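# Fold and contact review
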Amino acid sequence: MVNRPESDEVLDRYGFFVSPGESHIEETVDAAVARRRELKWLDMFVQWPSFIASRFDKIKERCRKGIPGSVRGQAWYHLSAAKYRQETEDRNCPMESLFYYYLTKTPDARVLDDIRKDLARSFPDHEMFRDDGCGQNSLNDVLRAYAIHDPDVGYCQAQAPIAAILLMHLPPEQAFWVFVQINEEYVKGYFSDGLTAIKEDALATEILIKRVSPKGYHLLRKLDVDPILYTVDWYMTLFSRTYRAPQLYRLWDMFFCEGVKVLFRLALVIVYETLEDGPSSIVSRAHKCDNAMDIVTLIKQTAKQLPFSVLLSKMDKLPLTDIDLAQACKQARQKLNADVKATQNRKK
Amino acid sequence: MAREDEYDYLFKVVLIGDSGVGKSNLLSRFTRNEFNLESKSTIGVEFATRSIQVDKKTIKAQIWDTAGQERYRAITSAYYRGAVGALLVYDISKHTTYENVERWLKELRDHADANIVISLVGNKSDLRHLRSVPSDEAKSFSEKNGISFIETSALDSTNVEQAFQTILTEIYRIVSQRPMPESTGTQINGGAGSSHIPIRLPPTNPVSDSKQNTSCCS
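Quantities reported herein were computed from a predicted structural model and do not represent experimental measurements. (Residues numbered from 1 in each chain as written. Chains lettered and ligands numbered in written order. Predicted model: local features only at pLDDT ≥ 70, side-chain atom pairs only at ≥ 80, totals over all residues.)

## Some thoughts on the overall build of chain A
Counting its regular elements, chain A contains 19 helices and three strands. In summary, chain A has a C-alpha radius of gyration of 21 Å against a globular reference of 20 Å for 348 residues, a match within 12%. Along the first, second and third principal axes, the C-alpha atoms of chain A reach 60 × 60 × 55 Å. Each of the 348 residues in chain A was classed as buried or not, and the buried ones make up 44%. Partitioning the contacts of chain A with sequence separation of at least 6, the portion at a separation of at least 24 is 72%. (Helix = DSSP H or I, 4+ residues; strand = E, 2+ residues; numbered from the N terminus. Rg over C-alpha atoms; globule rule 2.2 N^0.38 Å. Buried ≥ 20, exposed ≤ 12 C-beta atoms within 10 Å, placed from the backbone. Contact = placed C-beta atoms within 7 Å.)

Pasting the structure below:
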């Protein structure tokens with residue numbers, strides 16, 4: 001049998017095709033509250049530089065509450081400083097738009113081929129990106145432009161879902177600049193050849209699991225689970241292969257404000273819940289697993305099953321400071337560097 | 001875990017090959033008899049299992065489906081660990097995916113167990129009119145390299161079952177002829193109710209990775 005999109009699928013308010021039972025997962029914010037929040041954001045946009053400089057905590061609080069859908073794209077564009085970046089770059093561009101200048105260039109044939117293969121494979125469950133959805137051309141433009149902007153990175157597969165989510169919220173040119181900021185300011189090095197930054201963050205996550213959930217750490221070590229197995233798609237796609245709207249957007253609201261630590265905290269909470277602190281039915285199953293695949297599968301299932309509101313509140317309570325996080329990353333980097341040196345010496 | 005987890009052998013098999021050759025659909029066809037024209041690109045790793053019978057023994061296959069884009073090879077050693085089989089997939093309608101087979105073999109030589117059983121799989125055989133890799137060429141290449149070869153179509157199901165059956169049976173023949181090593185405490189610990197026999201391939205490059213665990217699904 002060949003599975004075509006089910007005919008009984010319904011389109012949810014975010015443009016995703018879902019089975020009828022799924023469409024109830026919607027944000028239930030009262031209209032009056034939503035309107036009030038919207039006005040607050042519009043007000044912030046007007047006085048953005050001063051707001052960001054003097055009232056960052058207020059912005060953070062508002063991001064944690066969830067940005068209203070109507071202003072979310074603009075909020076991400078501001079929060080990531082993509083607006084500032086675009087204005088600065090365009091000022092120095094003879095064509096007045098660096099994005100459109102990039103589009104006059106043609107990237108390497110291999111890059112183009114890799115991008116083309118993924119245009120229909122990023123969000124086949126979203127109206128913009130299904131079949132010949134209008135979003136596929138814009139996705140092609142954003143990814144091509146980026147490959148010209150940073151030829152060393154070119155195109156990496158995990159980038160397509162990220163760009164697609166941005167295009168669900170912003171016109172291509174603005175989406176491009178937010179995309180640039182993600183690549184260069186938020187998760188620098190995640191998509192580069194060698195995937196060194198991803199390896200570092202995977203290992204740092206494991207170091208932090210040892211601290212947050214010693215029991216969980218012990219189990220993962222016993223089954224010889226490489227942290228790469230559960231962190232790669234979470235981190236490289238900013239969780240967009242695990243969650244979708246509205247949960248994913250809530251997560252990104254916080255990510256754009258607070259940065260990569262949001263990804264770490266969520267990853268740690270999911271692992272902690274699965275292996276130690278969650279519902280006993282899950283934890284006891286975890287401790288019966290006898291191989292890496294089963295435990296990783298369970299961790300990934302748990303990520304989707306636990307109520308997102310529970311995960312968010314546990315992220316907040318996680319006993320982990322920014323300093324802990326920085327130290328773990330440093331430790332991971334040192335260990336990986338030492339491993340590389342050891343391998344080189346062995347080869348000599 | 002569940003009763004379906006009773007098995008005699010547990011084999012880990014990896015699906016590798018260039019991006020877009022149909023690895024994920026081979027996996028879903030074999031494990032769930034599904035094919036999806038609109039599947040998402042694989043980022044990281046995805047898994048599925050299926051049990052088959054050989055010689056009245058239950059063999060549970062753990063199949064690891066990996067990302068095909070070249071730069072993901074930087075992290076593939078995490079996937080190869082403990083694998084006893086590899087299906088190396090190319091697309092019969094895209095010659096470049098066949099040209100890269102050589103590099104994937106090197107990848108396996110560098111990172112996987114030296115005794116890993118490899119099978120070359122030419123997928124998308126339904127695209128007859130677009131064929132760019134002649135069967136004979138791939139066949140003689142695989143003979144030269146001492147690996148088996150089969151052409152499949154995940155879309156119309158042709159040979160998918162056979163491709164997996166063949167490699168799993170071949171692995172079974174190899175391991176069932178070998179006496180089981182004594183427990184060293186690093187094998188898979190028995191899950192509730194499971195009656196499996198941990199499978200070990202003989203160690204090949206003892207200095208690699210500092211991993212002592214070479215059981216089939218570490």
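## Details of the UniProt feature "domain: Rab-GAP TBC" (unreviewed entry) in chain A
Taking the UniProt record as the reference, the feature "domain: Rab-GAP TBC" (unreviewed entry) is found at residues 66-259 of chain A. Note that residues 66-259 of chain A is 61% helix and 0% strand, and that its end C-alpha atoms are spaced 15 Å apart. (UniProt positions renumbered as here; feature names shortened; annotations may be inferred.)

## Side note on the environment of Lys288 of chain A
Among the structural elements, Lys288 of chain A can be located in helix H16 (residues 280-288). Residues Lys288 of chain A and Leu312 of chain A lie 24 residues apart in sequence; the distance between their C-alpha atoms is 27 Å.

## Observations concerning helix H14 (residues 247-258) of chain A
All names here are of chain A. For H14, built from 12 residues, the straight-helix expectation of 16 Å at 1.5 Å per residue is met to within 8% by its first-to-last C-alpha distance of 17 Å. For H14, the elements touching its buried residues are helix H3 (56-65), helix H4 (72-79) and helix H15 (261-277). Gly259 sits one or two residues past H14 and shows a positive phi near 95 degrees. (Expected span 1.5 Å × (residues − 1).)

## Describing the domain arrangement of chain A
Note: interface size is frequently given as the accessible area lost on complex formation between the parts. Residue and element names in this part refer to chain A. For chain A, the assigned domains read domain 1 (43-186) and domain 2 (196-347). Taking the mean C-alpha position of each, domain 1 and domain 2 sit 26 Å from one another. Counting from both sides, the interface comprises 15 residues of domain 1 and, opposite them, 15 residues of domain 2. The set of elements that each furnish at least two residues to the side of domain 1 that touches domain 2 consists of H3, H4 and helix H9 (159-167). In terms of residues, the side of domain 1 that touches domain 2 owes the most to one element, H3, which gives four residues. Split into classes, the residues belonging to the side of domain 1 that touches domain 2 amount to 10 nonpolar, two polar and three charged. (Domains from an automatic or database assignment. Nonpolar A, V, L, I, M, F, W, Y, C, P; charged D, E, K, R; others polar.)

## Some words on unusual backbone geometry
Residue and element names in this part refer to chain A. For the bond from Ala245 to Pro246, the omega torsion is 0 degrees, close enough to zero to count as cis. Summarising the element assignment, Pro246 is placed in the loop between helix H13 (228-236) and H14. Positive phi is not limited to glycine here, since Glu96 has a value of about 70 degrees. With respect to the helices and strands, the residue Glu96 is situated in the loop between helix H5 (82-91) and helix H6 (98-102).

## Some points on the sheet that holds strand E5 (residues 85-91) of chain B
All names here are of chain B. One open sheet accounts for six strands, arranged E3-E4-E1-E5-E6-E7; its pairing is mixed. At either end of the open sheet lies a strand with only one pairing partner, and these are strand E3 (45-54) and strand E7 (148-151). Taken pair by pair, the neighbouring strands of this sheet meet at an average axis angle of 25 degrees, ignoring direction. Across seven bridges, E5 lies against strand E6 (residues 117-123) in parallel orientation. By the bridge assignment, Val89 is partnered in E6 with Val121. (Pairing = 2+ DSSP bridges. Axes fitted to C-alpha atoms, helices over the stretch in contact; angles between N-to-C directions.)

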